[in-house]
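Topology and contacts: notes
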Amino acid sequence: MYQSGTYVIYGIQGVCRVVGTEVQRVNRKKTEYLVLEPIEKAESRFYVPTQNPAALEKLRPVLSRDEMAEILSSSAVRADCWIPEENLRKQRYRELVSGGERLSILQMLCSLYRHREEQLSAGRKFHQCDDNFLRDAERLLCMEVALVMDMSNEEARAYLRQQLK
């Protein structure tokens with residue numbers, strides 16, 4: 001179990017600080033929860049039932065500085081995962097963002113950066129849904145990069161873009 005004060009990634013919510021555990025009575029049954037505080041909204045709290053494997057699967061430890069640098073410099077990140085068929089792309093990218101597997105999200109982000117450049121240089125528009133996926137993926141990854149690399153979100157976004165080009 002995660003210790004109080006540590007940072008985790010919680011699904012699409014992003015980076016959260018573990019506040020501790022709390023037992024609450026729900027439907028006359030005592031349930032233990034892991035209490036998370038998102039770093040973007042410190043006034044919010046997420047309660048993750050510790051006896052629910054599906055809920056706990058959404059938790060991942062934050063990478064170390066070295067692990068982050070290693071994954072960003074990996075050639076696997078630059079693998080093209082562009083899906084030409086829009087509906088299939090939307091479905092797959094939705095799964096990737098909610099699944100939270102960093103390498104896949106980084107590959108998706110790299111593909112979206114590439115496709116956006118291709119579209120703009122050809123004088124075409126970048127689809128709004130692709131832009132939304134790009135923003136969501138960047139937001140999730142920038143939170144973690146900012147925390148791990150001790151940067152502001154803007155610096156993390158610039159660093160991430162530079163590393164993925």
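The present account deals with the structure reproduced in this document. These figures come from a predicted structure and were not determined experimentally. (Residues numbered from 1 in each chain as written. Predicted model: local features only at pLDDT ≥ 70, side-chain atom pairs only at ≥ 80, totals over all residues. Heavy atoms only, no water.)

1. A look at the overall build of the chain
Across its full length, the chain carries 6 helices and 5 strands. Each helix and strand of the chain, placed in order from N terminus to C terminus, yields the pattern β-β-β-β-α-β-α-α-α-α-α. Buried positions account for 41% of the 165 residues belonging to the chain. Contacts in the chain between residues at least 24 apart in sequence constitute 50% of all its contacts with a sequence separation of at least 6. If you sum the accessible surface of the chain, you get close to 9,500 Å²; carbon and sulfur atoms cover 47% of it. Taken together, the 25 basic and 24 acidic charged side chains of the chain have centroids lying 5 Å from each other. (Helix = DSSP H or I, 4+ residues; strand = E, 2+ residues; numbered from the N terminus. Buried < 20%, exposed > 50% of the residue type's maximum accessible area, 1.4 Å probe, protein only. Contact = heavy atoms within 4.5 Å. Areas by Shrake-Rupley, 256 points an atom, 1.4 Å probe, with all protein chains shown as cover. Lys, Arg positive; Asp, Glu negative; His and termini not counted. Charge placed at Lys NZ, Arg CZ, Asp CG, Glu CD.)

2. So, the packing of helix H3 (residues 86-99) against helix H4 (residues 102-121)
Running from N to C, H3 and H4 cross one another at 135°; their axes reach a closest spacing of 9 Å. Between H3 and H4, the angle falls in the class oblique. For the pair H3 and H4, the crossing hand works out as left-handed. Mapping the contact onto sequence places Tyr 93, Leu 96 and Val 97 in H3 and Ser 104, Ile 105, Met 108, Ser 111 and Leu 112 in H4. Looking at the contact of H3 with H4, its residues break down into 6 nonpolar, 2 polar and no charged. (Axes fitted to C-alpha atoms, helices over the stretch in contact; angles between N-to-C directions. Parallel < 35°, antiparallel > 145°, perpendicular 65-115°, else oblique. Left-handed = near helix turned anticlockwise from the far one by under 90°. Nonpolar A, V, L, I, M, F, W, Y, C, P; charged D, E, K, R; others polar.)

3. Points about the side chain of His 115
You can see His 115 is positioned in helix H4. The exposure class of His 115 is buried, given its relative accessible area of 13%.

4. What about helix H6 (residues 153-164)?
In an α-helix, one turn spans 3.6 residues, which is why side chains three or four residues apart end up on the same side. With 12 residues, H6 extends 16 Å from end C-alpha to end C-alpha; this agrees with the ideal 16 Å at 1.5 Å per step. Every buried residue of H6 is listed here: Ala 156, Tyr 159, Leu 160, Gln 163 and Leu 164. Angularly, the buried residues of H6 cover 120° about the axis, an arc narrow enough to put them on a single face. Counted as exposed and oriented over 90 degrees from the buried face of H6: Glu 154 and Gln 162. Looking at the buried positions of H6, the neighbouring elements they touch are helix H2 (65-73), H4 and helix H5 (128-149). (Expected span 1.5 Å × (residues − 1). Arc of directions from axis to C-beta.)

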